[in-house]
Amino acid sequence: MDTHKINTVSMNTLQITDVPWLRLTTPYGRGTELPHLISNREYAAIADLIEHQGTLWQVTPWALLFLLRNMHARSPEDITLSELDLYHTVVQALDMENLQADSQKSVESLTMLLEEKYLWPVDSAPEDDEVEWEEEEARGYDPVAFWSYYVYSCRLLKQALPDFESLLQRYADSEIAESLSELVQQLRKF
């Protein structure tokens with residue numbers, strides 16, 4: 001079996017508890033609360049942790065993976081504007097021209113971003129994290145890893161385009177339909 005198929009299989013079976021959230025960063029610290037926020041569908045809080053001022057973070061593709069997987073499994077009536085706003089926020093942070101031109105600068109698979117060299121220490125104190133941020137390249141934020149957060153976030157959203165299109169067909173004129181329509185149009189440009 002080739003590496004791509006192995007990665008696809010492992011991504012399909014990956015559970016939220018398999019991601020070392022404690023060792024991944026957000027704009028406000030570590031991503032430890034994300035599994036709880038995802039399971040409780042606290043989309044505004046999640047959006048604050050996966051995007052900040054047009055920047056995506058270590059946690060972004062992982063949060064999207066589980067959010068989009070959960071969206072696919074839920075009833076269309078369960079989709080909210082708050083959830084769609086989260087996806088819009090990530091899409092707005094993506095620069096498609098650069099993503100298409102520079103996609104070769106990413107890691108080969110999303111799971112590679114869970115290699116030790118990208119993860120933050122388990123037992124560091126908040127002041128140690130501050131020192132790490134002051135380094136020229138904080139752990140997990142070298143150019144290849146950092147670009148990978150954008151590339152894989154984009155890929156995950158593109159893979160979800162059929163789900164968004166299907167949802168759009170189910171909704172009549174409403175704020176949700178308008179939001180879905182805008183999201184589908186943006187994703188079709190990728």
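This write-up is about the structure you can find in this document. Since the model is a prediction, treat every value here as computed from it, not as a measurement. (Residues numbered from 1 in each chain as written. Predicted model: local features only at pLDDT ≥ 70, side-chain atom pairs only at ≥ 80, totals over all residues. Heavy atoms only, no water.)

**Examining the packing of aromatic side chains**
Inclusion rule: Two rings from Phe, Tyr or Trp (for Trp, the six-membered ring) form a pair when their centres are within 6.5 Å of each other. A pair whose planes differ by under 30 degrees is stacked, one over 60 is edge-to-face, and the rest are tilted. Burial classes: relative accessible area under 20% of the type maximum marks a residue as buried, over 50% as exposed, and values in between as partly exposed (1.4 Å probe, protein chains only). Numbering of helices and strands starts at the N terminus; helices are DSSP runs of H or I of at least 4 residues and strands are runs of E of at least 2. A positively charged side chain is recorded as over a ring if its NZ (Lys) or CZ (Arg) lies within 6 Å of the ring centre. The angle to the ring normal must also be within 35 degrees.
One pass over the full model with this rule turns up 11 aromatic pairs. With a centroid separation of 5.7 Å and 65° between ring planes, the pair formed by Tyr 141 and Tyr 149 is classed as edge-to-face. Residue Tyr 149 is classed as buried on the basis of its relative accessible area, which comes to 1%. Considering the side-chain rings of Phe 146 and Tyr 150, the 5.4 Å spacing of their centres and the 70° angle between planes classify their relative orientation as edge-to-face. Taken together, the residues span about one helical turn, with Phe 146 and Tyr 150 both in helix α8 (residues 143-159) at a distance of four residues. Given the relative accessible area of 8%, Tyr 150 is considered buried. Connected via pairs of aromatic rings, a cluster forms that spans Trp 57, Trp 120, Trp 133, Tyr 141, Phe 146, Trp 147, Tyr 149 and Tyr 150. For the cation-ring pair, Arg 155 lies above Tyr 152, with the distance from its terminal atom to the ring centre recorded as 4.8 Å.

**Re the packing of helix α4 (residues 60-73) against helix α9 (residues 161-170)**
The packing of two helices is summarised by the inter-axis angle and the distance between the axes. Which entries qualify depends on this criterion: Working convention: axes come from line fits to C-alpha atoms, limited for helices to the stretch in contact. Angles between N-to-C directions cover 0 to 180 degrees. We call two directions roughly parallel when the angle between them is under 35 degrees, roughly antiparallel when it is over 145, roughly perpendicular when it lies between 65 and 115, and oblique otherwise. We call a crossing left-handed when the near helix sits turned anticlockwise from the far one by less than a right angle, and right-handed when that turn is clockwise. Every residue pair with non-hydrogen atoms within 4.5 Å of one another is taken to be in contact. Polar here means any residue outside two lists: the nonpolar Ala, Val, Leu, Ile, Met, Phe, Trp, Tyr, Cys and Pro, and the charged Asp, Glu, Lys and Arg; Gly therefore counts as polar.
Look at α4 against α9: their axes get within 11 Å of each other, and the N-to-C directions meet at 40°. Taken together, the axis directions place α4 and α9 in an arrangement best described as oblique. Judged by the sense of rotation from one axis to the other, the crossing of α4 with α9 is left-handed. Residues Leu 68, Met 71 and His 72 of α4 form the contact with α9, whose own contacting residues are Asp 163, Phe 164 and Leu 167. Its residues assigned to classes, the contact of α4 with α9 comprises four nonpolar, one polar and one charged.

**Details of the nonpolar core**
Stated precisely, the cut-off is as follows: We call a set of buried Ala, Val, Leu, Ile, Met, Phe, Trp, Tyr and Cys residues a nonpolar core when their side-chain atoms join them within 4.5 Å.
Within the largest apolar cluster, 57 residues are counted, with the highest numbers of intra-cluster contacts made by Ile 46, Trp 62, Leu 68, Leu 86, Tyr 87, Leu 157 and Phe 164. With eight residues, the single largest contributor to this core is α4. Beyond its immediate sequence surroundings of up to four residues, Tyr 87 is in contact with Leu 64, Leu 67, Leu 68, Met 71, Leu 157, Phe 164 and Leu 183.

**Regarding a negative patch on the surface**
Keep this limit in mind: To count toward a patch, a residue needs a relative accessible area above 30% and no salt bridge. Like charges then connect within 9 Å, nonpolar side chains (Val, Leu, Ile, Met, Phe, Trp, Tyr) within 5 Å. The protein chains shown are the only cover counted for residues, whose accessible areas, like all others here, come from Shrake-Rupley with a 1.4 Å probe. For salt bridges, the criterion is a side-chain nitrogen of Lys or Arg within 4 Å of an Asp or Glu carboxyl oxygen. When charges are counted, neither His nor the chain ends are considered; positive counts come from Lys and Arg and negative counts from Asp and Glu. Working definition for charges: the position is that of NZ of Lys, CZ of Arg, CG of Asp or CD of Glu.
Together, Glu 130, Glu 134, Glu 135, Glu 136 and Glu 137 line one region of the surface with negative charge. With respect to the helices, strands and loops of the structure, Glu 134 is situated in helix α7 (residues 126-134).

**Let's talk about the pattern of salt bridges**
This structure, assessed with the given rule, holds four salt bridges. Measuring nitrogen to oxygen at the nearest pair gives 2.4 Å for the salt bridge that ties Arg 23 to Glu 116. Placement of Arg 23 in the loop between α1 (3-13) and β1 (25-26) and of Glu 116 in the loop between α6 (96-102) and α7 is noted, with a sequence separation of 93 residues between them. When its relative accessible area of 13% is taken as the criterion, Arg 23 is described as buried. The class for Glu 116 is partly exposed, based on a relative accessible area of 48%.

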